[in-house]
Every structure is written in structure tokens, then in C-alpha cells.
Amino acid sequence: MTNEEIKNNIATLKKEVKRTLKEVGRENDDIVIVGACKTMPKEITDYVRENSLLDALGDNKVQELLDKYEEGIPWHFIGNLQSNKVKYIIDKVTLIHSLDRLSLAKEIDKEARKHSLVQDCLIEINIAGEESKGGVSKDAVTEFANAVKNFSGIKIKGMMSVLPNISDSESLCKYLEEFNTIFDSLREVFGEEFTIRSVGMTNDYKIALKYGANMIRIGRSIFGDRRQI
């Protein structure tokens, strides 16, 4: 895919986001679009960064993020994060989407304090209880939230989830309603700075926007199919 095609894809995506928001009376809301750039080469992420085409770039793999990283655009970590790799990205990412276990929280807190940082994080919820996906279970999320809320090196800014890859819109609506119910309960724990609803990818971002998502993680609609690496 050429740079011009990527630029056009982003422009089209932004128009679709704007149209979807207007449909549900959210036309004044700001939506953060994170370009999910897994397997994309550095020349593509450099082009996006140099031309300020997206709000942020996100990667699922630590080494890939390190290979592409340049200052000038916020970088997010959006995949499963191993505790022993936190130290490599702690001074590079502005947001970690996938905080889902206490051992990871302890490592992020430790490394952040080493760098005199407070690391913004999202709690990842496994909204459909899928064994193949990470995330805190719905039943355990309140206990987990109370366990991590007092780490001085972490600020919990909101919640993330990966919806199941299904075409059944009724089921997706049900999961998004559950997401919002959990979000509201966690906001009581973390307060008014708990604002980010990171939910929605290429297949489901429109329905997620209709249910209040304010951060979407888009890969294929921007960059095309993942590359072989």
C-alpha cells in the first residue's frame, strides 16, 4: 500500500467517524484514532508521524514498537505486555492499553518510578470471557481496580476491551452495554480522570462509537492487511 493510499484511507476513516458521531448526536465529541501498526514497516509509521495524520500510533509487540519508535507522535502499547519487557517501553509510550494483572501493574509501577514517571494505563476487560484474549474477567474487575488504584507510578485513565470478532450486532450491543456498566462502576473508584473508553477496531468501531467509545484502534482500514514478518 502506498503512502498516498494510506493518507486517503485515513481521510475516509475520519469522515466515517464524523458521520457516525453525527448520527448519534455526538458530533462535538473528540475521538482519538490510534493507528494499529502491527507488522507495518518503519517507513510507513514515519510517513504518518511526519505528516501528523493520526492522533497516535499503537503496536502490539515491544520489539516492533522499539524498531519504529520516533518522537513526534504519541505511541501506545495495545497488545499483551509481558512484565519483563516493561522496562524497554516505559519511557516511550504515553498509554498502555492492556493492564490486566497485578504482577504487570507492579512492574509498570516499579519501572515508572525508576524514571520519575507516572504511566497512564487502561484496565483491559475481557468483555466476552474469551480464553484466547487477555483482560481482567468481568467478575474480578472491581477487586483488581481497588488493588491497582494506589500505585504511585500508575494513573488509570480508563478502560479497554477487544470485542469478539462476530457480525451479530445484537450481541455486540450487549457487550458494549456491559462495557459501559463496568466503566461507570470503575469511574466511582478512580474519579473524574477515568475518561477513556478504548473500544472499537476496523470491524466494529462504528457500533462502538454509538455506545460512547472515545478512542478507537484501527489497523486494516488504514494500513491494509498485516504484512508477513
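From a predicted model like this one, the values you see are computed outputs, not experimental measurements.

**Details of the packing of aromatic side chains**
- With the rule as written, the count across this model stands at three aromatic pairs.
- Pairing Tyr-69 with Trp-75 gives two aromatic rings, centres 6.3 Å apart and planes at 50°, and the pair type is tilted. As far as burial versus exposure is concerned, Tyr-69 and Trp-75 are alike and both buried.
- Between Phe-183 and Phe-194, the aromatic rings sit 4.8 Å apart at their centres with planes inclined by 40°, giving tilted as the arrangement.

**Description of the pairing of strand β5 (residues 119-125)**
- The buried fraction of β5 is high, at six of seven residues.
- Pairing geometry for strand β4 (residues 95-99) and β5, over two bridges, is parallel. Bridging from a neighbouring strand, Leu-99 pairs with Ile-123 of β5.
- With helix α5 (residues 102-114) bridging β4 and the parallel β5, this β-α-β connection has right-handed handedness.
- Of the pairings in the sheet, the one linking β5 to strand β6 (residues 154-161) comprises seven bridges and is parallel in character.

**Observations concerning the nonpolar core**
- In this structure, Val-17, Ile-108, Ile-123, Ile-156, Leu-186, Ile-222 and Phe-223 are the most contacted members of the largest nonpolar core, which totals 66 residues.
- No other element matches helix α7 (residues 169-190), which puts nine residues into this core.
- Not counting residues up to four positions away in its chain, the partners in contact with Phe-223 are Met-1, Ile-6, Gly-35, Ala-36, Cys-37, Met-40, Ile-44, Val-48, Leu-54, Leu-57 and Ile-218.
- The next biggest cluster of nonpolar side chains, apart from the first, holds seven residues, and it includes Val-34, Ala-56, Leu-95 and Met-160.

Rules used in this analysis
- Residues numbered from 1 in each chain as written.
- Predicted model: local features only at pLDDT ≥ 70, side-chain atom pairs only at ≥ 80, totals over all residues.
- Heavy atoms only, no water.
- Phe/Tyr/Trp six-rings, centres within 6.5 Å; stacked < 30°, edge-to-face > 60°.
- Buried < 20%, exposed > 50% of the residue type's maximum accessible area, 1.4 Å probe, protein only.
- Helix = DSSP H or I, 4+ residues; strand = E, 2+ residues; numbered from the N terminus.
- Pairing = 2+ DSSP bridges.
- Right-handed = clockwise from strand over helix to strand, strands pointing away.
- Core = buried A, V, L, I, M, F, W, Y, C linked by side-chain atoms within 4.5 Å.
- Contact = heavy atoms within 4.5 Å.

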